[in-house]
Amino acid sequence: MNIINTISLWLIPVIIGFILLYGTAKRIPTYETFVEGGKEGIKIAFSIMPFLIGMLVSISIFRASGAMDFFINLIRPGLEFVGFPAEIAPLALIRTLSGTAALGMTTDLIATYGPDSFIGRLASIMQGSTDTTLYVLTVYFGAVGIKKMGDALKVGLLADLLGIIVSVVVVTFIFGS
């Protein structure tokens, strides 16, 4: 375990040092390139800000209005029929929109049901097996001006759906329900 800690402490500084030495050996102005990258990063941060604020406000309204609870209660019988716990459905819905909101929900589920419960394990695995597809499409595609995102949306949502299904199957198979 001590060697892993040592590696984790030194890995990033070694990689950064290697990149700087390699750039210098190739006669690339490494400091100037770093500064230009920083400028570009700040420009990107400012360009995605409106999209980010819009997405976060929309998520807050969806949750605060009770629309999410209404929707979950509406589909609860179908979820229970297929063996999908209704308690985890809000996480499955919000995960595609916001990683921060999903992490908050995962934390709440683990605090409520325990980390070794079926729900806690499922929330943890689902958190790691899905992505913030709608967030990525809205913020990053919007920031760079991509208008046609239909195929990316289909593939991203399909990957999220498969991640959710596989999470349930894996937790049920390994840990039981």
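Our structure is the block above this text.
Report on the accompanying structure. Note that residues are indexed from 1 along each chain, following the sequence as it is written. This being a predicted model, a pLDDT of at least 70 is required before a residue's local features are given, and a value of 80 or more before pairs of side-chain atoms are given or counted; all residues contribute to the totals for chains, interfaces and linings. By convention in this description, side-chain values take in all heavy atoms of the structure and omit both hydrogens and water.

### Comments concerning the packing of aromatic side chains
Thought 1: The aromatic pairing rule takes the rings of Phe, Tyr and Trp, using the six-membered ring of Trp, and pairs them if the centres are within 6.5 Å, calling planes under 30 degrees apart stacked, those over 60 edge-to-face and the rest tilted. Per the stated rule, a full pass over the model turns up 1 aromatic pair.
Thought 2: Seen in terms of ring centroids, F18 and Y22 are 6.0 Å apart; in terms of plane orientation they differ by 25 degrees. Their pairing is stacked. Of this pair, F18 and Y22 both sit in helix α1 (residues 2-25), 4 residues apart, which is roughly one turn of that helix.
Thought 3: A residue is classified by how much of its surface remains accessible, and F18, at 55% relative accessible area, is exposed. Where helices and strands are cited, they refer to DSSP runs of H or I of at least four residues and of E of at least two residues respectively, numbered from the N terminus. The classification of residues rests on relative accessible area computed with a 1.4 Å probe and restricted to protein chains. Under 20% of the type maximum is buried, over 50% is exposed, and intermediate values are partly exposed.

### Focus: unusual backbone geometry
Thought 1: Residue R27 is not a glycine yet carries a positive backbone phi of 60 degrees.
Thought 2: With respect to the secondary-structure elements, R27 resides in the loop between α1 and α2 (30-64).
Thought 3: Assessed through its relative accessible area of 77%, R27 is described here as exposed.

### Remarks on the pattern of salt bridges
Thought 1: For this analysis, a salt bridge means a side-chain nitrogen from Lys or Arg found within 4 Å of a carboxyl oxygen belonging to Asp or Glu. A full pass over the atoms with the stated rule returns 2 salt bridges.
Thought 2: One salt bridge in this structure joins E36 and K39, with 3.4 Å as the shortest N-O distance. Taken together, the residues E36 and K39, both in helix α2 and 3 residues apart, mark about one turn of the helix.
Thought 3: On the basis of relative accessibility, which here comes to 47%, the residue E36 falls in the partly exposed class.
Thought 4: With relative accessibility at 45%, the residue K39 sits in the partly exposed group.
Thought 5: In this structure, R121 and D116 form a salt bridge, with 3.8 Å as the shortest nitrogen-oxygen distance.
Thought 6: Here D116 falls in the exposed class, since its relative accessible area comes to 59%.

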